[in-house]
Amino acid sequence: ACTGIENIDEAITLLEQNNWDLVAAINGVIPQENGILQSEYGGETLHGPAYGPTSHSTAASSTPSSSSAFRHVVPSRQIVERQPRMLDFRVEYRDRNVDVVLEDSSTVGDIKHILENELQIPASKMLLKGWKTGDVDDSTVLKTLHLPKNNSLYVLTPDLPPPSSSHSGALQESLNQNFMLIVTHREVQREYNLNFSGSSTIQEVKRNVYDLTSIPVRHQLWEGWPPSATDDSMTLAVSGLTFPCHRLTVGRRSSPVQTREQSEEQCTDVHMVSDSDGDDFEDATEFGVDDGEMFGVASSALRKSPMMPENAENEGDALLQFTAEFSSRYGDCHPVYFIGSLEAAFQEAFYGKARDRKLLAIYLHHDESVLTNVFCSQMLCAESIVSYLSQNFITWAWDMTKEANRARFLTMCTRHFGSVVAQTIRTQKTDQFPLFLIIMGKRSSNEVLNVIQGRVLNCSEVMRVVARGITFSAKDEREARENVKREQDEAYRISLEADRAKREAQEREMAEQFRLEQIRKEQEEEREAIRLSLEQSLPPEPKEESTESVSKLRIRTPSGEFFERRFLASSKLQVVFDFVASKGYPWEEYKLLGTFPRRDVTQLDPNKSLLEVKLYPQETLFLEAKE
């Protein structure tokens, strides 16, 4: 508004030259002398400030329609000379970063030529990615892209094999890198951008894609994996994926034809522990009709009201409605459903008194299954089965018709049984419902003994499976009691061995201490004997009035004490060493140091006289322990 510059590139260049200081940029464009703005158009002179808001008096005298906060002065093109705008690029290729600085009048191809010299990669093999705009080719001028000053790009070379390295450091760096996988779901034409570390395996990628697309791993049909990715246990770092971004496509493989043996199978006996591997049930066999219809009539059309309200806040209230609706549909002769949460059902079945404990049966209802009516009316409501369940089971029920209720039960199932059982139920098709689960409680986890599908339309078969669960439970309880007894006996034996080992260790420690004490006493006695022997072998101390030359030595101990003695100047240095040793400082363990000059007297020849080693007529020495 105040400079008349309409070219955005020119304006950005001026701001960058002035470190993005708006006032400095305006003052640099508009020349000012003593507050007068000059214009070269017709020699007109405009008085007033070069920038800033006008005063109230000035605003009052100006044109009322003017709303600009700046005085408009058209600059001369001779004042603002267009300088080339420089752009900074940080280009990443695998484990390298290359900094490129170019004018905005350059092209994308110029960047590739610079990278060709730096990376030793042909420009024709490069794909330069990271542009904020759409399609960009080698002839595109950077100015037309309206880029900021600092930019980040990356290079892809899909036609070049990944570099091989024998260094463990390079492999570790690849494992720490993050790969961006752009996965396209073919059927729904949807893209997913997934980040994985280089240490992730191909199997983990496929499992994550299963969570997003609901396509089981064994049904996934992939395109785009490198030829070297032949094993699902291979990590992404060594699989040959293009770093940092790689495109993949996934679709559903056509389902195999259902076999006669599968259609005749009556019951799926899973007998699994809740914390086992979740992949075992991903290949669960798929049965039944896909559309939930029989003879052209949808079974849901026969329902008047839902078995359970959707998004019920209280599980007890939901089960009250379930029981009432079940009675209205199939009569009063039906299993006695436990009214309460699944946790409360566990407490009732597994954690009471030993004689009152029972197995837990979970009935999963589905209104849209064509088998529900027959299974409930002929199997579940049969008097023999109702009586047997009442005596030996706590029966809990849930309606899987509504998606919200289904998701809620799967969450409960994962929490109480683990991902294995939840995955099994999640993969069941509508026409495999209803399901009847036989649960046994254990101290460490809850175990699913059997899963009865709605295709079982024989009372004797249902009774056989249910009775087998009772037999297994009794056998398991007997084995559990025996295991407890064995564990107690083993714990007692281990405790005795630990006490005996502790006692033996104490005895050995005492014996070792006694032996070390004896050795210490013997060493002290030996040292004392040597000291006394040296003390007795010393020549007598000369008197001060002796006519012979006498050297007076003053020796400082490490504790700060001093002791003095006179020696004949003709005495050997060994006599001094013996004297010091007789005081408890053997020369093998201590060194005798002189002061001026500082020297190690113990390094001198012990056979030389004190006069020869310049310890005459007097000298102060000090003792220092050897390292």
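Residues numbered from 1 in each chain as written. Predicted model: local features only at pLDDT ≥ 70, side-chain atom pairs only at ≥ 80, totals over all residues. Heavy atoms only, no water.

1. Quick look at the overall build of the chain
Across its full length, the chain carries 15 helices and 23 strands. When the 627 residues of the chain are sorted by exposure, 39% land in the buried category. Contacts spanning at least 24 positions in sequence make up 66% of the contacts within the chain whose residues lie at least 6 apart. (Helix = DSSP H or I, 4+ residues; strand = E, 2+ residues; numbered from the N terminus. Buried < 20%, exposed > 50% of the residue type's maximum accessible area, 1.4 Å probe, protein only. Contact = heavy atoms within 4.5 Å.)

2. As for the packing of helix α12 (residues 403-417) against helix α13 (residues 419-426)
Orientation of α12 relative to α13, taken along the N-to-C sense of each, is 150°, at an axis distance of 7 Å. Put simply, α12 runs roughly antiparallel to α13. Contacts between α12 and α13 involve R406, F409, L410, C413, T414 and F417 on the former and, on the latter, S419, V421, A422, I425 and R426. Here the residues of the contact of α12 with α13 are counted per class, giving seven nonpolar, two polar and two charged. (Axes fitted to C-alpha atoms, helices over the stretch in contact; angles between N-to-C directions. Parallel < 35°, antiparallel > 145°, perpendicular 65-115°, else oblique. Nonpolar A, V, L, I, M, F, W, Y, C, P; charged D, E, K, R; others polar.)

3. Remarks on the pairing of strand β23 (residues 618-625)
Of the pairings in the sheet, the one linking strand β19 (residues 550-556) to β23 comprises five bridges and is parallel in character. Considered in β23, the bridge of K552 is made with Q618. (Pairing = 2+ DSSP bridges.)

4. Considering the confidence of the model for the chain
On average, residues of the chain score 77 in pLDDT, and 77% of them are at 70 or above. This model gives residues 32-80 a pLDDT under 50, and the stretch forms 65 contacts once residues within four places in sequence are excluded. Low pLDDT (under 50) marks residues 256-303, which in the prediction has 105 contacts with non-local residues, meaning those over four places away or in another chain. (pLDDT = per-residue confidence, 0-100.)

5. Examining helix α8 (residues 315-330)
A turn of α-helix holds 3.6 residues, and therefore any two residues three or four places apart point the same way. Under the 1.5 Å per step criterion, the end-to-end length of α8 is 22 Å for 16 residues, consistent within 8% with the ideal 22 Å. All of the buried residues along α8 are E315, G316, A318, L319, F322, T323, E325, F326, S327 and Y330. Summarising the contacts, the buried residues of α8 are in contact with α9 (342-350), β15 (359-365), α10 (372-380), β16 (393-399) and α12. Where α8 begins, the side chain of N314 points an oxygen toward the backbone nitrogen of G316, at a separation of 2.7 Å. At the exit of α8 stands G331, carrying a positive phi of roughly 95°. (Expected span 1.5 Å × (residues − 1). Polar contact = N/O pair within 3.5 Å; in protein donor to acceptor, adjacent residues only side chain to side chain.)

6. Digging into the packing of aromatic side chains
Across all of its chains, the model carries 15 aromatic pairs by this definition. On the numbers, 5.7 Å between centres and 80° between planes, the contact of F567 with F579 is edge-to-face. With F567 in strand β20 (residues 562-568) and F579 in helix α15 (residues 573-582), the pair connects residues that are 12 residues apart, well separated along the chain. Pair check on accessibility: F567 and F579 agree, each one buried. (Phe/Tyr/Trp six-rings, centres within 6.5 Å; stacked < 30°, edge-to-face > 60°.)

7. Quick word on the nonpolar core
Core analysis: the largest hydrophobic core is formed by 55 residues, its most contacted members being F326, L360, I362, Y363, L364, W396 and F409. Excluding residues within four positions of it along the chain, I362 makes contact with L342, W396, F409, F417, L435, F436, L437 and I439. (Core = buried A, V, L, I, M, F, W, Y, C linked by side-chain atoms within 4.5 Å.)

8. Notes on the sheet that holds strand β6 (residues 127-129)
What the four strands build is an open sheet, ordered β5-β4-β7-β6; its pairing is mixed. Only two strands of the sheet have a single neighbouring strand rather than two, namely β5 (96-103) and β6. Across this sheet, the average inter-strand angle for adjacent strands is 30°, counted without regard to direction. Across three bridges, the pairing between β6 and strand β7 (residues 150-156) is antiparallel. From the neighbouring strand, K129 faces β7, where its bridge partner is Y154. Lying on the sheet, helix α4 (residues 108-119) is in contact with β4 (86-93), β5, β6 and β7; it crosses β5 at an angle near 140°.

9. Things to note about the sheet that holds β19
Pairing in this open sheet of five strands is mixed, and the strands run β20-β19-β23-β21-β22 from one edge to the other. In this open sheet, the two edge strands, each paired with only one partner strand, are β20 and β22 (599-600). This element, α15, spans β19, β20, β21 (590-594) and β23 of the sheet and lies at about 150° to β20.

10. Topic: the environment of D431
Looking at the element boundaries, D431 is found in the loop between α13 and β17 (435-441). Sequence separation between D431 and S369 is 62 residues, and the spatial gap between their C-alpha atoms is 4.7 Å. Among the polar contacts made by the side chain of D431, one reaches the main-chain amide nitrogen of V370 at a distance of 3.4 Å.

11. Observations concerning the environment of Y590
The residue Y590 is located in strand β21 in this model. Taking the C-alpha atoms as reference points, Y590 and F622, 32 residues apart in sequence, are found 9.9 Å from one another. The residues touching Y590, leaving out its near neighbours within four places in the chain, are P558, G584, Y585, T602, L623, E624, A625 and K626.

12. Re α10
Along α10, the residues classified as buried are T372, F375, C376, M379 and L380. One side of α10 carries all its buried residues, which in axial view fall inside an arc of 110°. (Arc of directions from axis to C-beta.)

13. So, the side chain of S582
Residue position: S582 is located in helix α15. Once residues lying within four places of it in the same chain are set aside, the contact partners of S582 are R531, L534, E535 and L538.

14. Some thoughts on the environment of E16
With respect to the helices and strands, the residue E16 is situated in helix α1 (residues 8-17). For the pair E16 and R85, spaced 69 residues apart in sequence, the C-alpha to C-alpha distance is 8.9 Å. Those residues in contact with E16 that lie beyond four places of it in its chain are R85 and K149.

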